[in-house]
Amino acid sequence: MISDIQLCSRFIDTLDWICQVLIRHSDDFNVALVRIAYGDDNSLGEAYGAPEALRQLSSLTHDLQRSFRRSDLVGREGTDFWILFPYTRVTDNVYDKLMDVIQGSAHTNLNIVEREIAIFELPVIYTKALVKPDSATSLLKHLKINQAELASHVFRLANI
C-alpha cells in the first residue's frame, strides 16, 4: 500500500508539472492521459468485500506500471486508474498499446465489473480550452466531468 501511495504521489507531481508546461507550450508537448474506471466505487467492494477489492486494485496499479514503458506513469484515485503516456504522433498508437496491456493483464478477476476507458490528448485539450487547469487535481476533476466532450476515444469493456 505504501508503494501504491508513492506511485500516485509521483504521478500527481509529474502531472502538476505537465499542466504548467501545457499552459505555456501546448503545441510542443505530446502526452496522452488515459482513464480506466473500474465500475463505480461500490461494485468491486460488493463483489469481493472491501479488503480484497483494495488489495486487487493495489496489485493492478503495480501490474499496469510494470506493463507500460518506464516513461509512462500510473496513478490510482479510488477505482479510477490514470496513465500518463508521452507519445510521438508518428510512432505511437495509444489505443493499440493500451488494449495490448489490458488484454494481457493477469487481473482477469477484476473484469467482473464494466470498465470504461477514455483517452485524452492533453495538448489538444489545452490548445482549445478557455479555462486551462493549472494543477493535477483540477485537471483530473475537469476531465472526469467533461469526459464526453474532451476524450478522443471512449470505450467500454463489458463485465464477464
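Residues numbered from 1 in each chain as written. Predicted model: local features only at pLDDT ≥ 70, side-chain atom pairs only at ≥ 80, totals over all residues. Heavy atoms only, no water.

A.B. asks: Just checking my understanding: could you explain the environment of Phe155 for this structure?
C.D. replies: Tracing the backbone shows Phe155 in strand β5 (residues 153–157). The exposure class of Phe155 is buried, given its relative accessible area of 15%. Taking the C-alpha atoms as reference points, Phe155 and Arg115, 40 residues apart in sequence, are found 8.4 Å from one another. Not counting the four nearest positions on each side in its chain, Phe155 is found in contact with Tyr95, Leu98, Met99, Arg115, Glu116, Ile117 and Ile119. (Helix = DSSP H or I, 4+ residues; strand = E, 2+ residues; numbered from the N terminus. Buried < 20%, exposed > 50% of the residue type's maximum accessible area, 1.4 Å probe, protein only. Contact = heavy atoms within 4.5 Å.)

A.B. asks: I keep staring at the pairing of strand β4 (residues 115–121) and nothing clicks. Help me out?
C.D. replies: On any regular strand, side chains alternate: one points to one face of the sheet, the next to the other face. Counted residue by residue, β4 has six buried out of seven residues, so it is predominantly covered. Relative to β4, strand β1 (residues 31–38) runs antiparallel, the two sharing seven bridges. Bridged to Val34 within β4 is Ile119. Relative to β5, β4 runs antiparallel, the two sharing five bridges. In the strand pairing of β5, Arg115 is matched with Leu157. (Pairing = 2+ DSSP bridges.)

A.B. asks: Just checking my understanding: could you explain helix α3 (residues 50–67) for this structure?
C.D. replies: The terminal C-alpha atoms of α3 lie 26 Å apart, and with 18 residues this matches the ideal 26 Å at 1.5 Å per residue to within 8%. Considered for burial, the residues of α3 that qualify are Ala53, Gln56, Leu57, Ser58, Leu60, Thr61, His62, Asp63, Leu64 and Gln65. (Expected span 1.5 Å × (residues − 1).)

A.B. asks: Which parts of the structure should I look at to understand the confidence of the model for the protein chain?
C.D. replies: Where the model shows low pLDDT, its predicted coordinates should not be examined in detail. Within the protein chain, residue pLDDT values average 78, and 82% of them lie at 70 or more. When the elements of the protein chain are averaged for pLDDT, helix α4 (residues 94–103) gives the smallest value, 71, and helix α6 (residues 136–145) the largest, 93. (pLDDT = per-residue confidence, 0-100.)

A.B. asks: Looking at this structure, how should I read the pairing of strand β3 (residues 80–86)?
C.D. replies: Counting buried residues along β3, six of its seven residues qualify, which places the element largely inside the surrounding structure. Relative to β3, β1 runs antiparallel, the two being bridged by seven bridges. Bridge pairing links Ala37 to Asp80 in β3. When strand β2 (residues 73–77) meets β3, the two strands line up antiparallel, connected through five bridges. Within β3, the position partnered with Leu73 by the bridge is Leu84. Connecting β2 to the next strand, β3, in antiparallel fashion are two residues, including Gly78 with a positive phi near 65°.

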